[in-house]
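# What the coordinates show
Below are the chains, spelled out letter by letter.
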Amino acid sequence: MSTSDPNNAGTIDFSMLLASSVHDIKNSLGMLLTSLDEVIDISVEDRPEQRKNYSILRGEASRINNALIYLLGLYRLQSDQLNINLSEIYVADFLEEQVASQQLLFDINAIDVTVECDDNLTGFFDENLIAGVINNILVNGAKYTRDSIVIRGWEQNQTLQISISDNGEGYPQELLDKLSNSGRGIDFTSGSTNLGLFFSQEIAALHRCRGEQGCISLTNSELGGCFTLSLP
Amino acid sequence: MAITKLELLKFYKSKTVLIIDDYPDMRGSIRRMVENFGVRQVDTASNGEEAIKKCADLAYDIILADYNLGDNKNGQQILEELRFKNLLKNTSVYMMITAETTKDMVFGALEYQPDDYLTKPFTQAVLEKRLDRLIVEKEALYEINNAIDANNLDKAIALCQQRINFHDKYEHRCYRIMGSCLFKKQKYGKAKQIYQHIVSERDLEWANIGLGKSMIALDELDDAEVLFGKLIDSGSLCLEVYDCMADISNRKGDAESAQKLLEHAIELSPNAILRQQALAEISEDNHNWEQAEKSRRKIIKLGNNSVYESPELHFNLARTITAEMEYNEAPEKRIKDVDEVFRKMKRKYKDENTALQADIIGANAVAKTGDSERSKTLVEDVQKRIDNAISPSAKLMLDMVETYNSTGNREKAKDLLKKLAKTYENNEEVSEAIDRLSDEPLSAKGKQKAVDLNNAGKQLFTDKEYSKAISLFSQALKHYPNNMGLNLNLMLALVREMTSAGVTSTMLDRCSVAKEKLSHLTEDNALFDRYKVLGDHYNKLRSTFQTQSTD
C-alpha cells in the first residue's frame, strides 16, 4: 500500500481511485433513488400504465446500488480492509426493514411479501453487510417470482437461519450446480453475473463463531426457488 | 407485548424531534418523513453550535444527526458534547445518519456511541421501521434509562436484573447497561463477571472492552494487556482500546509505549481533546517537551468555543514551556513564548485572579532563565497581590508553590503546602495535587498510601521481585513525583535489578531521573546516607556500563 517507492511517484493508485469513485457514485445514486421514489409516489396514481416502466427503473437503480456496494466490499475484502462489525440484531425488525427498503418495488410489481420470524429472535452479525446480501436476493426475487416472497428467520442448533423463498421458476440448474460443486466459493470468472452470490458467499464466510463459518445455499422445490443464509 | 400501529402513532404525536443536517434539502426531506409518522414538533439545525443551543432549550426525544456536517463539528462530536453537558437524556434516541458504513468512522469511548446508525440512502419506510424499533426499545427500558438519568445507578442495576430474568430480546442490552453501571459504581469484580459471561458466549467488542477495563481497574494488567492486544490486532476502530492499552503501559511504568499508543490513536482521530490531554501529560512525564507543547497548543485550538475552554488550558501550555526551560540550553529565548501565551489569554479573560496566576507562572519562567534579580522582584509583587486577592484558587496557590521552589524559597513553599493541605483536607483532587508537589505526603490519604506502598515494596524486596518493585514505585511516582521515599525506593529497586539481571541504558536513565529529584537533599536530612550510598552504586553501574559498551 506504500507509495514511497520513487518509481511509483506520479502514478495513480488505481484501486484507491476505484474505491473513491464507487463511493461518489453510490452517494449520487442514493439521491437518485430517493427522488425516484418521490416521483413514483406522485405520478403512479395519475398514470397507472407507467407502472411497468417505473418498476424497471426502480429495480435497476437498486441493482446498480447493490452492485456498487459489492464492488466496494470486494475491494475492501481484497485489501484486507473489510472487517465485520458484529452486533446483536433483532432479526424480525431487521428483516422487516429490508422489506421496507424495497417496498415500492414490491408494490408496483404487486408482489405479496411476508416475514415469518419470532419477535424475540436475536442474531449476531454485521448489519450492513448482511443487509446487502438480503437486499440483493429480494431485488432478484422481485424480478423472478410470480407474485409472492416469504422470508423466514429462525434458530437451529445455535445457528441463525434466514431463508427467502419465492414462487417463481426456481434457480437455474447451472447455478445450483456451481454453488454445490465449487466448495469454497463461486467461480465468477466464468462470465455469468453471479457477482451477488459470490459476494453473499464471502460475506457469510466472514461470520465465524466457535469454529463454525457462515454459508449460503440455494434449493428449488415445486413451489419455487429458495435462498438460505446460515450464520453461526 | 407487541405494540400496535395506533399506539406508535400516539407515541410519535407526543415526541419532539431535532434534525441536524447541513443540506437544506435533506433537512426538508427528513422533516417531511417524520411529520408523516405523526410527529408534531420538528426542529432543525444546520450545524453543531445551533444544535447544541437548541438542545439546551429543549430536551428532545429523538435526534437525527448527519455524521458529516461539512467543516463543522460532526455528528459524533455533537453527541459527545451533548452527553458531556448532560443535555441528552438516556431515555432519548440519538440516531446517526451516515453516507458510509459504520466501520469507516473511528469513534472514541463506547459510552459515546449513538443508539443507532442509519446508512444513506434510506427511504421513508426504512426510517420508520428503524424509529419504531428504537422507540419501542426505549419504551421497554424506560425505567432503567430514567434511573440512570436520575443518577440512581443502584436502581438501574436492580431493574436490569429484573429485565434480564424475562429472557427476552432486550437481555443483552440490559447486560450491557448493567455492566457499565456496575463499573461506574466501582464494583469492578461484578462488572467483570457480567462481561466475562457475555464474552464466553460471543466475541462482542463492547463486552471485551468492558472486560478489559474491569481488569485494569482490578489491577490485572497482564490479562488486560493480552485482551486489548487482541482487539487492536483485530482492527478495532474504537479508539478507547488504544487509550486503555496506553493506560496499561503507563501503569506498568512504560510511559514511552503509552505515549506511542496515544500518538497513534491521535493520528486516527486528531480532534479528541481528552486524548490530547492524556498525551500532553504523558509526554511531560517522558520529558518529551516537543510533543507535550504540540499537544498543549492543539488543546487550546480544540477548546475554542467548546465546553473545555478555560484559562487553565493556557496555563498548562505556559507550564509546559516553563518546565522545558529547565532542560533548554538557552532558556531566556523561551520567555517571549510564555509572554505570547499570556498575551493571547488576557485578551479573552480579564479578571484579576487570572492575571495574577499568569504572573505567578511568568515569575517561575523568569526564574528558570537564571535572572534571579528580576524573579525576586516579580515574586515580591505577586506575593503582595496574593494577600489582597479575593478567594484565590487552589491551582493558583499551587503555582505559587512551584514559583517559590524555583526561586530558592523552599521553606516558604513547604509552609504554603502545609497550609493548603489543611484548608483542602477534604478535597481529594487538591490533596493529591499537593502531595504531587511535596517531597513528603501531607494529606491523610497520601500518608496512608505511602505506608501501604512501603509495605508492599518491602515484601517485593524480600521476595527478590525487583522488576515488580520497579513498576510499583514508578506507578506511585506518577502521583507523587517529588516524594523522597519513593524516589529512593525506586533507585534501590533499579540498582538491585541491574546488579542481578544486568545493566540497561533505560534503567540507568530512570535511575538518573530519580537521583535528580533527590539532588536537593542535604547532609542533615535523615535520608541523606541512603541517598549517598545508592548514588555511589548508580555511578559505579553507569561507568562499568559505559566501558562495556565502548569495548
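Residues numbered from 1 in each chain as written. Chains lettered and ligands numbered in written order. Predicted model: local features only at pLDDT ≥ 70, side-chain atom pairs only at ≥ 80, totals over all residues. Heavy atoms only, no water.

## Section: the overall build of chain B
To be explicit about the condition: Strands here are runs of E lasting at least two residues and helices are runs of H or I lasting at least four, both read from the DSSP assignment and numbered beginning at the N terminus. Here the term buried applies to any residue with accessible area under 20% of the maximum for its type, exposed to any over 50%, and partly exposed to those in between, with areas from a 1.4 Å probe on protein chains only. Counted as positive: Lys and Arg. Counted as negative: Asp and Glu, with His and the chain ends omitted from the count. Working definition for charges: the position is that of NZ of Lys, CZ of Arg, CG of Asp or CD of Glu.
Each helix and strand in chain B was counted, giving 27 helices and 5 strands. Out of the 551 residues in chain B, the part that is buried amounts to 49%. In chain B, which carries 80 positive and 88 negative side-chain charges, the distance between the mean positions of the two groups comes to 3 Å.

## Comments concerning a negative patch on the surface
Residues and elements named next belong to chain A. Worth spelling out the cut-off: Residues enter patches when their relative accessible area tops 30% and they take part in no salt bridge; the joining distance is 9 Å for like charges and 5 Å for the nonpolar side chains Val, Leu, Ile, Met, Phe, Trp and Tyr. To measure how exposed things are, a 1.4 Å probe is used in the Shrake-Rupley method; for residues, cover is taken only from the protein chains shown. Should a side-chain nitrogen of Lys or Arg be within 4 Å of a carboxyl oxygen of Asp or Glu, the pair is scored as a salt bridge.
Taken together, the side chains of Glu38, Asp41, Glu45 and Asp46 make up a negatively charged region of the molecular surface. Here Glu38 shows up in helix H1 (residues 14-43). Glu38 gets classed as partly exposed once you look at its relative accessible area, which sits at 39%.

## As for the interface of chain B and chain A
Frequently, the measure chosen for interface size is the accessible area removed from exposure when the parts meet. Filter applied, for reference: Note on contacts: a residue pair qualifies if any of its non-hydrogen atoms lie within 4.5 Å across the two residues. Under the rule applied, a polar contact is a pair of N or O atoms within 3.5 Å (in protein, one hydrogen donor and one hydrogen acceptor; residues adjacent in sequence only if both atoms are side-chain atoms). Under the scheme applied here, ten amino acids are nonpolar (Ala, Val, Leu, Ile, Met, Phe, Trp, Tyr, Cys and Pro), four are charged (Asp, Glu, Lys and Arg), and all others, including Gly, are polar.
Tallying the contact residues gives 30 residues for chain B and 33 residues for chain A. Our enumeration of links across chain B and chain A arrives at 7 salt bridges. For Glu127 of chain A, the salt bridge goes to Arg130 of chain B, with nearest N and O atoms at 3.2 Å. The tally of links between chain B and chain A comes to 10 residue pairs in polar contact (both at pLDDT 80 or more). Mapped by element, the contributors of at least two residues to the side of chain B that touches chain A are helix H2 (24-37), helix H5 (124-140) and helix H8 (171-184) of chain B. Ranked by the residues each element gives to the side of chain B that touches chain A, the list is headed by H5 of chain B, at 6 residues. Grouping the amino acids of the side of chain B that touches chain A by side-chain chemistry returns 7 nonpolar, 8 polar and 15 charged.

## As for the pairing of strand E1 (residues 16-20) of chain B
Residue and element names in this part refer to chain B. Counted only if it meets this: With strands facing away from the observer, any crossover in which the path from the first strand over the helix to the second runs clockwise is taken as right-handed. Two strands qualify as a pair provided that DSSP identifies no fewer than 2 bridges between them.
E1 sits mainly inside the fold: 5 of its 5 residues count as buried. Of the two faces of E1, the one holding Thr16, Leu18 and Ile20 and the one holding Val17 and Ile19 are both buried throughout. Read as a crossover between parallel neighbours, the route from E1 over H2 to strand E2 (residues 41-45) is right-handed. For E1 and strand E3 (residues 62-66), the ladder comprises 4 bridges, and the chain directions are parallel. If you follow Leu18 over to E3, its bridge partner there is Ile63.

## As for the confidence of the model for chain A
All names here are of chain A. Applicable threshold: One number per residue, pLDDT, summarises how confident the predictor is, and it ranges from 0 to 100.
Looking at chain A, pLDDT values average 79 and 84% of them are 70 or higher. Contacts for the low-pLDDT stretch residues 1-9, under 50 throughout, to residues beyond four places or in other chains number 1 contact. Across residues 188-192 the pLDDT falls below 50, and counting only partners more than four positions away or on other chains, this stretch makes 4 contacts in the model.

## Side note on the nonpolar core
This is how it is decided: Throughout, nonpolar core names a set of buried Ala, Val, Leu, Ile, Met, Phe, Trp, Tyr and Cys residues whose side chains join them through atoms within 4.5 Å.
Ranked by size, the top nonpolar core spans 51 residues in total, and within it Ile144 and Phe228 of chain B carry the most contacts. Once residues within four sequence positions are removed from consideration, Phe228 of chain B is found in contact with Ile209, Gly212, Lys213, Ile216, Val241, Cys244, Met245 and Ile248 of chain B.

## Considerations on the pattern of salt bridges
Opposite charge on two side chains permits them to pair, given that their charged atoms come into close proximity. In total, this model carries 47 salt bridges over all chains according to the counting rule given. Taking the shortest distance from any N to any O, the salt bridge between Lys129 of chain B and Glu96 of chain A comes out at 3.6 Å. A residue pair is termed interchain when its members come from two chains, as with Lys129 of chain B in helix H5 and Glu96 of chain A in helix H3 (residues 91-101). Lys129 of chain B gets classed as partly exposed once you look at its relative accessible area, which sits at 30%. Overall, the relative accessible area of 32% leaves Glu96 of chain A in the partly exposed class. Of the charged contacts in the structure, one is a salt bridge between Glu97 of chain A and Arg130 of chain B, with a shortest N-O distance of 2.6 Å.

## Considering the sheet that holds strand E2 (residues 112-117) of chain A
All names here are of chain A. Counted only if it meets this: To get an axis, a line is fitted to the C-alpha atoms, and for a helix only the part in contact is used. The angle between two axes follows their N-to-C directions and goes from 0 to 180 degrees.
Sheet architecture is open: 5 strands sit in the order E2-E4-E5-E9-E8, paired in mixed fashion. In this open sheet, the two strands that pair with only one neighbour each are E2 and strand E8 (215-220). Neighbour to neighbour, the strand axes of the sheet diverge by 15° on average, direction disregarded. Note: strand E4 (residues 148-156) against strand E5 (residues 159-166), 8 bridges, orientation antiparallel. In the sheet register, Arg152 faces E5, and the bridge partner there is Ser163. Where helix H5 (residues 127-144) meets the sheet, its contacts fall on E4, E5 and strand E9 (225-231), and the angle it forms with E9 comes to roughly 175°. Packing of helix H7 (residues 195-206) onto the sheet brings it into contact with E8 and E9, and relative to E8 it is tilted by some 135°.

## Brief notes about the pairing of strand E4 (residues 93-98) of chain B
All names here are of chain B. Counting buried residues along E4, 6 of its 6 residues qualify, which places the element largely inside the surrounding structure. Burial along E4 is two-sided: the face carrying Val93, Met95 and Ile97 and the face carrying Tyr94, Met96 and Thr98 are both buried. As paired strands, E3 and E4 are joined by 5 bridges and run parallel to one another. The residue of E4 that forms the bridge with Leu64 is Met95. Read as a crossover between parallel neighbours, the route from E3 over helix H4 (residues 75-84) to E4 is right-handed. Looking at chain direction, E4 and strand E5 (residues 116-119) are connected through 4 bridges and run parallel. Note on E5: the bridge partner recorded for Met96 is Tyr117.

## A few points about the packing of aromatic side chains
Describing an aromatic ring pair means giving the distance of the ring centres and the angle of the ring planes. Quick note on the threshold: Between rings of Phe, Tyr and Trp, where Trp is taken as its six-membered ring, a pair exists when centres lie within 6.5 Å; planes separated by under 30 degrees are stacked, by over 60 edge-to-face, and by other angles tilted. By definition here, charges over rings are those cases where NZ of Lys or CZ of Arg is within 6 Å of the ring centre and within 35 degrees of the ring normal.
In this structure the tally under the stated criterion is 11 aromatic pairs over all chains. Judged by centre distance (5.0 Å) and plane angle (65°), the rings of Phe94 of chain A and Phe125 of chain A are edge-to-face. In this pair, Phe94 of chain A sits in helix H3 while Phe125 of chain A sits in strand E3 (residues 122-126), placing the two residues 31 residues apart along the sequence. Taking the relative accessible area as the measure of exposure, Phe125 of chain A reaches 0% and is therefore buried. Ring pairs connect the aromatic residues Phe461, Tyr466 and Phe473 of chain B, which therefore count as one cluster. Its guanidinium or amino end placed over the ring of Tyr90 of chain A, Lys169 of chain B lies 4.7 Å from that ring's centre, counting from NZ or CZ. The side chain of Lys213 of chain B reaches across the aromatic face of Phe183 of chain B, ending 5.2 Å from its centre.

## Considering the sheet that holds E1 of chain B
Residue and element names in this part refer to chain B. Sheet architecture is open: 5 strands sit in the order E2-E1-E3-E4-E5, paired in parallel fashion. Across the chains shown, the open sheet's two edge strands, defined by having one partner strand only, are E2 and E5. Looking at each pair of strands side by side, their axes are set apart by 20° on average, direction ignored. Each of E1, E2, E3 and E4 touches H2; the most contacted strand, E2, lies at about 165° to it.

## Observations concerning the environment of Lys143 of chain A
All names here are of chain A. Inspection of the secondary structure assignment puts Lys143 in helix H5. Remark: the alpha-carbon pair of Lys143 and Ala67, spanning 76 residues in sequence, is separated by 16 Å. For Lys143, the contacting residues outside a window of four places in its chain are Glu60 and Arg63.

## Comments concerning the confidence of the model for chain B
When pLDDT is averaged along chain B, the result is 88; 97% of the residues meet or exceed 70. At the low end of the mean pLDDT range in chain B sits helix H24 (residues 466-479) of chain B, at 84; at the high end sits E1 of chain B, at 96.

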